[in-house]
Amino acid sequence: MPKFGTIRKQQWAALVLASTPILLAGETASAAEQFYVGAGVGYTRDGSGCEVLDATTNTILPTASCDTNSIEGKLYGGYRFNDFLGVELGYMGLRSTSITVVDGRSGKFDASGIPIQAVVFLPASTDLSWMGKLGVVRWSGKASGSLTGSQSDSGFSFVLGAGAEYNLGNKLTIRGEIEYFPKIGDEKTVGEADITAIGVSLKYSF
């Protein structure tokens, strides 16, 4: 018959073994709760089709040339509540469009935005996660040149996105994503455009 001390040791060993999965699960959950910051660069496309509204006649002016593509930077920070949900706040360039109409006048249309978004993470493996994003963006735009004169405007729109992240180790993650910003700007002031942004960034978690 086992001694009393031996029984107690066996009971403690069984308790530790039984609680190990719970402790590990708690450690994993708390590890997912983290602040992070990121910086990146991306390709943005203005989907306005180079259309310019003449505010005087309320007609679309025919264009001689236009450039609706640009390379823009992005900064963001966020908090991940758990393995599946987070929130982000950022700043990014949205638009840098140059247009010349047939009568020789030209204009430059720029916009930037401050998006705040809910982020849903879907872990695919230990290091890879898919993600989806939905939120609002505070945009600021300006127009300059002989086509429009100097004007500025601001407002709100919504933003949605999707992408993936891969853990590089040492608290670093690489992210690729595509985001869509509809109705950025106002047609009567700084021009309106649907913006598509495709970017890559590096994220550091604390």
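Structure's up top.
It should be emphasised that the depicted structure is a prediction, and the values quoted were computed from it without experimental measurement.

Draft legend 1. Seen up close, the overall build of the protein. Broken down by element type, the protein carries 1 helix and 11 strands. Put simply, the protein runs from its N terminus to its C terminus through helices and strands in the order α-β-β-β-β-β-β-β-β-β-β-β. Out of the 206 residues in the protein, the part that is buried amounts to 35%. Put simply, 62% of the contacts in the protein that link residues at least 6 apart link residues at least 24 apart. Surface exposure of the protein reaches about 11600 Å², of which carbon and sulfur atoms provide 64%.

Draft legend 2. Representation of the environment of Pro-62 in the model. Within the fold, Pro-62 resides in the loop between strand 3 (59-61) and strand 4 (63-67). Separated by 40 residues in the primary sequence, Pro-62 and Val-102 have C-alpha atoms spaced 6.2 Å apart.

Draft legend 3. How the structure looks around empty space enclosed by the protein. Evaluated as defined, the whole model comprises 1 cavity of 30 Å³ or more. If you add up the space inside the largest cavity, you get close to 120 Å³. Together, 17 residues line the largest cavity, and Val-41, Gly-42, Lys-74, Met-92 and Gly-199 are the ones closest to its centre. Counting residues per element, the ones that place at least two in the lining of the largest cavity are strand 1 (34-46), strand 5 (69-80), strand 6 (85-101), strand 10 (172-186) and strand 11 (191-205). In terms of residue class, the lining of the largest cavity is made up of 6 nonpolar, 7 polar and 4 charged.

Draft legend 4. The arrangement of the side chain of Lys-133 in detail. Relative to the assigned elements, Lys-133 resides in strand 8 (residues 128-144). At 3.5 Å, the side chain of Lys-133 forms a polar contact with the side chain of Glu-88. Reaching out from Lys-133, the side chain makes a polar contact with the side chain of Glu-177 at a distance of 2.7 Å. With residues up to four places along the chain from it excluded, the contact list for Lys-133 reads Lys-74, Glu-88, Gln-117, Ala-118, Val-119, Val-159, Leu-160, Gly-161, Arg-175, Glu-177 and Glu-179.

Draft legend 5. How the structure looks around the nonpolar core. Leu-94, Leu-147, Phe-181 and Ile-184 are the most contacted members of the largest nonpolar core, which has 19 residues in total. The greatest single-element share of this core, amounting to 4 residues, is contributed by strand 6. Leave out the neighbours within four places in its chain, and Phe-181 touches Met-92, Leu-94, Val-137, Phe-158, Val-159, Ala-193, Asp-194, Ile-195 and Ala-197. Among the nonpolar cores identified, the runner-up in size contains 5 residues, and Tyr-36, Tyr-76, Val-119 and Phe-121 belong to it.

What counts, and at which threshold
Residues numbered from 1 in each chain as written. Predicted model: local features only at pLDDT ≥ 70, side-chain atom pairs only at ≥ 80, totals over all residues. Heavy atoms only, no water. Helix = DSSP H or I, 4+ residues; strand = E, 2+ residues; numbered from the N terminus. Buried < 20%, exposed > 50% of the residue type's maximum accessible area, 1.4 Å probe, protein only. Contact = heavy atoms within 4.5 Å. Areas by Shrake-Rupley, 256 points an atom, 1.4 Å probe, with all protein chains shown as cover. 1 Å grid on protein atoms, 1.4 Å probe; cavity = no way out; pocket = protein on both sides within 12 Å on 5 of 7 lines; lining within 4 Å. Points joined across faces, edges and corners; volume = space filled by probe spheres on them. Nonpolar A, V, L, I, M, F, W, Y, C, P; charged D, E, K, R; others polar. Polar contact = N/O pair within 3.5 Å; in protein donor to acceptor, adjacent residues only side chain to side chain. Core = buried A, V, L, I, M, F, W, Y, C linked by side-chain atoms within 4.5 Å.

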